[in-house]
Amino acid sequence: MERHDVETLVSLVSRTQHELLGTQDVTRFMALKEELLETLEQAKTALAHHEELANLWRGLELNLTMFQSRIRSAEADVIAAAAAAAPPPPPIPPTISDLIDSLTNEAQKLPLRRLMMRHAEDQLYLAGYEAASPGRGDVEGTFTVLGSVRKGTRESYNVKWYRLNAKPTSFWCSCPDHKFNSAKKNMMCKHICFLVARVARILDTGFFESKQFTAEQHAAFAAIVQNAAIFADGSRERERLATAAAGYAAAAAAATAGLEAARDTFRVCRKPVTAEDMCPICYDVMEDTECLNCPTCSNNVHRECMEVWLERNSTCVYCRSDVWRRWR
Ligand SMILES: [Zn+2]
Ligand SMILES: [Zn+2]
Ligand SMILES: [Zn+2]
């Protein structure tokens, strides 16, 4: 290494250092720092055997010591600035109970409170969804929501979900509460509350006041409808069935051994229930409640909810396997 090489190196170090101390970008800062430390390491090795360049090296080393202390404080600053500029973490979703506490409309609190009770008369079940033809009319689709049995008949209501901003409110329900109270008390019935707060877990005070989805909420709700097991389309059902033929054969074999033996195959849990698992019919947690397990797809469902589902359907809520004929 010649004298002019050392001079070039010193000016290179000085330029990089200048750029490094001027940047606010953490990634760029770290890259420049790496580059600079590597250059200095190489210079140190190259200059070690040149007695006559010792003075220049000592100058460089002095620079290096100053550089290292400056880089440490600059690094702390640039990291702190980046942390301050980053968006805050998303807030922890509130519970239905938090939502109720933050509402001012007393009439709206009641149907939401009923969602948190597990009394038979307050239990709601999602039983179906029919999408409207795209581009025609104001309706996105219609949900079927079931309630408890009254006077020998299970309550069943249709909840219409409207296209974004098509109507002053995003939903309409066929129940008497909606007909007689919604406009009068400026509230939504428990069936609509069930779809929004329980199924979609949209717990936004703004929605329960305006009764109108924002564009983001509308899209989030559409994604939930798209992905819900209960609304699985034909292609997904066939895919699941194809991968689950073995389970079906086992259940069918057991069925020939008698009804109780066949029923036992639904009680064997092949997929452990976790705290996050939600029942696809009542949208409540699965833990600590009796569950059945589909012999075809191994998914779990509340026993009580599956029996409600089987009043109107003959196939699995998840995979549409007809193995459930063995349960009834
Ligand atoms: Zn209703
Ligand atoms: Zn359930
Ligand atoms: Zn299944």
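Things to note about the overall build of the protein chain
Looking only at helices and strands, one finds 13 helices and six strands in the protein chain. Expressed as a percentage of its 328 residues, the buried residues of the protein chain come to 28%. Sequence separation of at least 24 residues holds for 50% of the intrachain contacts in the protein chain that already meet a minimum separation of 6.

Comments concerning the packing of helix α1 (residues 3-22) against helix α2 (residues 26-47)
As a packed pair, α1 and α2 sit with axes 10 Å apart at the nearest point and diverge in direction by 160 degrees. Of the possible angle classes, the one that applies to α1 and α2 is roughly antiparallel. The handedness of the crossing between α1 and α2 is left-handed. Across from Val 6, Leu 9, Leu 12, Val 13, Thr 16, Gln 17, Glu 19 and Leu 20 in α1, the residues of α2 making contact are Phe 29, Leu 32, Lys 33, Glu 35, Leu 36, Thr 39, Leu 40, Ala 43 and Leu 47. Taken together, the residues of the contact of α1 with α2 break down into eleven nonpolar, three polar and three charged.

So, the sheet that holds strand β3 (residues 153-162)
Read across the open sheet, the four strands follow the order β1-β2-β3-β4; overall the sheet is antiparallel. Since the sheet does not close on itself, it has two edges, and those belong to β1 (125-131) and β4 (171-173), each with one partner. Between one strand and the next, the sheet's axes are offset by a mean angle of 20 degrees, whatever the strand orientation. Its contacts with the sheet put helix α7 (residues 190-199) on β1, β2 (139-150), β3 and β4, and the angle it makes with β3 is roughly 70 degrees.

Examining unusual backbone geometry
Despite not being glycine, Asn 186 shows a phi value in the positive range, around 50 degrees. As for its position among the elements, Asn 186 is in the loop between α6 (176-185) and α7. Residue class for Asn 186 comes out exposed when judged on the 12 C-beta atoms lying within 10 Å of it. At Tyr 283, a residue that is not glycine, the phi angle is positive and equals roughly 60 degrees.

Concerning the confidence of the model for the protein chain
Taken as a whole, the protein chain shows an average pLDDT of 84; of its residues, 89% reach a score of 70 or greater. No element of the protein chain has a lower mean pLDDT than helix α10 (residues 234-243), at 51, and none a higher one than β4, at 97.

Topic: α7
With ten of ten residues buried, α7 lies mostly within the body of the structure. Every buried residue belonging to α7 is among Lys 190, His 191, Ile 192, Cys 193, Phe 194, Leu 195, Val 196, Ala 197, Arg 198 and Val 199, and all of these are buried. Phi turns positive, to about 50 degrees, at Arg 201, one or two residues after α7.

Some remarks on the pairing of β2
Look at any regular strand and the pattern is simple: side chains alternate between the two faces of the sheet. Both β1 and β2 contribute to a ladder of six bridges, which runs antiparallel. Residue Leu 126 lies in a different strand from β2, and its bridge partner there is Val 145. With nine bridges joining them, β2 and β3 adopt antiparallel strand pairing. Paired with Leu 146 across the bridge in β3 is Ser 156. A loop of two residues connects β2 with β3, the two strands running antiparallel in sequence, and Lys 151 in this loop sits at a positive phi of about 50 degrees.

Remarks on the packing of helix α5 (residues 106-115) against α7
It is the contact of α5 with α7, at a shortest axis distance of 9 Å, that shows an interaxial angle of 65 degrees. The handedness of the crossing between α5 and α7 is right-handed. Together, Pro 111, Leu 112, Arg 114 and Leu 115 of α5 and Lys 190, Cys 193, Phe 194, Ala 197 and Arg 198 of α7 make up the contact between the two elements. Broken down by class, the residue content of the contact of α5 with α7 amounts to six nonpolar, no polar and three charged.

Some words on the pairing of β3
Sheet analysis places β3 next to β4, joined by three bridges and oriented antiparallel. Residue Lys 160 lies in a different strand from β4, and its bridge partner there is Trp 172.

Here we look at the environment of Leu 47
Checked against the element boundaries, Leu 47 lands in helix α2. The exposure class assigned to Leu 47 is buried, which follows from the 20 C-beta atoms found within 10 Å. For Leu 47 and Val 6, which are 41 residues apart along the polypeptide, the C-alpha to C-alpha distance reads 8.4 Å.

Points about the environment of Met 188
As for its placement among the helices and strands, Met 188 is situated in the loop between α6 and α7. As for Met 188 and Phe 208, which are separated by 20 residues in sequence, their C-alpha atoms are 7.8 Å apart. Those residues in contact with Met 188 that lie beyond four places of it in its chain are Gln 108, Pro 111, Phe 171, Ser 182, Cys 193 and Lys 211.

Rules used in this analysis
- Residues numbered from 1 in each chain as written.
- Chains lettered and ligands numbered in written order.
- Predicted model: local features only at pLDDT ≥ 70, side-chain atom pairs only at ≥ 80, totals over all residues.
- Helix = DSSP H or I, 4+ residues; strand = E, 2+ residues; numbered from the N terminus.
- Buried ≥ 20, exposed ≤ 12 C-beta atoms within 10 Å, placed from the backbone.
- Contact = placed C-beta atoms within 7 Å.
- Axes fitted to C-alpha atoms, helices over the stretch in contact; angles between N-to-C directions.
- Parallel < 35°, antiparallel > 145°, perpendicular 65-115°, else oblique.
- Left-handed = near helix turned anticlockwise from the far one by under 90°.
- Nonpolar A, V, L, I, M, F, W, Y, C, P; charged D, E, K, R; others polar.
- Pairing = 2+ DSSP bridges.
- pLDDT = per-residue confidence, 0-100.

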